[in-house]
Amino acid sequence: MSQQWSTHKVETKSLLALEDQQRFWRRLHHYFSVQGMLREQRKNGVWVDVLYRRDQQWEVYFSAPPEITPYLAKWFRKDRKRSNKLEVNFTQAEPGTLAVPTDSTICELKLAFDNLFALPTHQSTLLPQSLSLKSGEAARVSFCIRPIPTVMWNHYKPNLIKSKMEQGIRMGRGKVEAAGWIRVLLYYITLWMEKLLPMKNVTIQDVPWLSQGTIRKLNDCHFETYVRIAAPQRFIAKLARPFQGEGGENQFIISFLPRKEEKTVRKELDQQRLSLLTRSDLNPNILGSREVSNMLSFFPSAQSSGRDQASPNL
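A short tour of the structure in this document, coming up. (Residues numbered from 1 in each chain as written. Predicted model: local features only at pLDDT ≥ 70, side-chain atom pairs only at ≥ 80, totals over all residues. Heavy atoms only, no water.)

So, about the overall build of the protein chain. The secondary structure content of the protein chain amounts to 10 helices and 10 strands. Burial analysis of the protein chain (314 residues in total) assigns 53% to the buried set. Of the contacts made within the protein chain by residues no fewer than 6 positions apart, 88% connect residues no fewer than 24 positions apart. (Helix = DSSP H or I, 4+ residues; strand = E, 2+ residues; numbered from the N terminus. Buried < 20%, exposed > 50% of the residue type's maximum accessible area, 1.4 Å probe, protein only. Contact = heavy atoms within 4.5 Å.)

Going through the model one piece at a time under the given rule, you end up with 18 aromatic pairs. When the ring of F24 is compared with that of W25, the centres are 5.1 Å apart and the planes differ by 85°; the resulting orientation is edge-to-face. W25 shares its class with F24; the two are buried. With a centroid separation of 6.1 Å and 70° between ring planes, the pair formed by W58 and F298 is classed as edge-to-face. Here W58 is found in the loop between strand 2 (46-53) and strand 3 (59-64), whereas its partner F298 is found in the loop between helix 10 (289-295) and strand 10 (301-302), with 240 residues between them in sequence. For the residue pair W58 and F298, the accessibility class agrees, reading buried in each case. Within the aromatic cluster, the residues linked to one another by ring pairs are F24, W25, Y31, F32, F62, Y71, W75, F76, F90, F223 and F299. (Phe/Tyr/Trp six-rings, centres within 6.5 Å; stacked < 30°, edge-to-face > 60°.)

Here we take up helix 8 (residues 259-271). Over its 13 residues, helix 8 runs 19 Å from end to end, which matches the ideal 18 Å to within 8%, given 1.5 Å per residue. For helix 8, the full list of buried residues reads E262, V265, R266, E268 and L269. Projected onto a plane normal to the axis of helix 8, the buried residues spread over an arc of 160° and lie on a single side. Facing away from the buried side of helix 8 by more than 90 degrees, the exposed set consists of K260, K263 and K267. (Expected span 1.5 Å × (residues − 1). Arc of directions from axis to C-beta.)

This part takes up the environment of D55. Tracing the chain through its elements places D55 in the loop between strand 2 and strand 3. For the pair D55 and S130, spaced 75 residues apart in sequence, the C-alpha separation works out to 7.6 Å.

Moving on, we come to the pairing of strand 5 (residues 105-111). Successive side chains on a regular strand alternate, one facing one side of the sheet and the next facing the other. Most of strand 5 sits inside the fold, with seven of its seven residues counted as buried. Side chains of strand 5 alternate between two faces, with T105, C107, L109 and L111 and I106, E108 and K110 buried alike. With five bridges connecting them, strand 5 and strand 7 (residues 222-231) associate as antiparallel partners. Looking at strand 7, one finds that T105 is bridged to A231. (Pairing = 2+ DSSP bridges.)

This part takes up the side chain of D49. Along the chain, D49 turns up in strand 2. A polar contact of 2.6 Å, which involves the side chain of D49, links it to the side chain of R140. Among the polar contacts made by the side chain of D49, one reaches the side chain of Q272 at a distance of 3.5 Å. (Polar contact = N/O pair within 3.5 Å; in protein donor to acceptor, adjacent residues only side chain to side chain.)

What follows concerns unusual backbone geometry. The residue after F299, namely P300, is reached through a cis peptide bond having omega -5°. You can see P300 is positioned in the loop between helix 10 and strand 10. Look at D55: it is not a glycine, yet its phi comes out positive at around 60°. Classification of D55 by relative accessible area gives exposed; the value is 70%. Unusually for a residue other than glycine, Q272 sits at a positive phi of about 50°. Along the chain, the position of Q272 falls in the loop between helix 8 and helix 9 (276-279).

Okay, empty space enclosed by the protein next. Per the counting criterion, the structure on display carries one cavity of 30 Å³ or more. In this structure, the largest cavity spans a volume of roughly 40 Å³. Lining the largest cavity are A118, T121, G213, R216, K217, D220, G288, R290 and E291. Mapped onto the lining of the largest cavity, the elements with two or more residues apiece are helix 6 (212-218) and helix 10. At three residues, helix 6 tops the list of elements feeding residues into the lining of the largest cavity. (1 Å grid on protein atoms, 1.4 Å probe; cavity = no way out; pocket = protein on both sides within 12 Å on 5 of 7 lines; lining within 4 Å. Points joined across faces, edges and corners; volume = space filled by probe spheres on them.)

A word on the pattern of salt bridges. Summed over all chains, the structure comprises 15 salt bridges. The network of salt bridges with common partners includes K9, E11, R53 and E59. (Salt bridge = Lys/Arg side-chain N within 4 Å of Asp/Glu carboxyl O.)

Another aspect to go through is the nonpolar core. Ranked by internal contacts, the top residues of the largest apolar core, which has 49 residues, are W25, Y52, F62, F143, L296, F298 and F299. By residue number, the principal contributor to this core is helix 1 (residues 18-34), which donates five residues. Among all residues touching F62, those that are not within four sequence positions of it are S6, T7, H8, V10, F24, W25, V46, W47, V48, L72 and F299. In terms of nonpolar packing, the next biggest core, distinct from the first, is built from 11 residues, W5, C144, V265 and L274 among them. (Core = buried A, V, L, I, M, F, W, Y, C linked by side-chain atoms within 4.5 Å.)

Shown next, in the form of structure tokens:
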């Protein structure tokens, strides 16, 4: 586990509405913006991990730079106008808690359609409370979430919207088939182009045949999001299925990794640090705060029998 991070087990005594979840992510994004840390956070972000161990219910962990730890519980509190306060506990985790067993299968979840289109936000993600793991087994669903400046949708996005409005066609994600030094070279070229040729905002008409989720996403704060599952192979589909909800204009699909890349991702999970190979991805998942809140509706976990219930929708 990287020494850069402060890792805490996160629990609450009451179920949180998705509104409270969204407020947390917006405040986190605002903090990094005010502190001028967005560029630095492009390297590692913050991490949310769901850990399964034998004969135990899942546990939720949050890893972030130590300097923001004093603010975490505060960011979860409701506004002063609201009567009840939220009690969210952050308990320091032991080193090695999130270690991934060497025999685990690792896969990644990628958006099926362009980042412009939003995931369904009308339902919460419901993960299984426990898994029938054998001795020595563990499972981990890991999210690396990197706050980034508000996305400036480039010139080809209006064509995607027009296609959706006129023909109901959602374009798939573009993919750069580059590897090794070519992929790294493209990564640095993109960074320099962002500095030298800043992109302009595109005005997009608010139309009724785009989903409300997509419309909200256009003006939301944004996060690059990497979703990985490390578990015995027989549990991969069970852990991935809750994130593949229907009803939105986007969805996650499973991407199994080549052996060499799987080795790299395993190291990333152990160290909670993204490699240059991952950071050179020219088309990462980009989610808004509302999408992140729905995807992580179990964050933090509940310390009661009410834990089996879903967080209420907005």
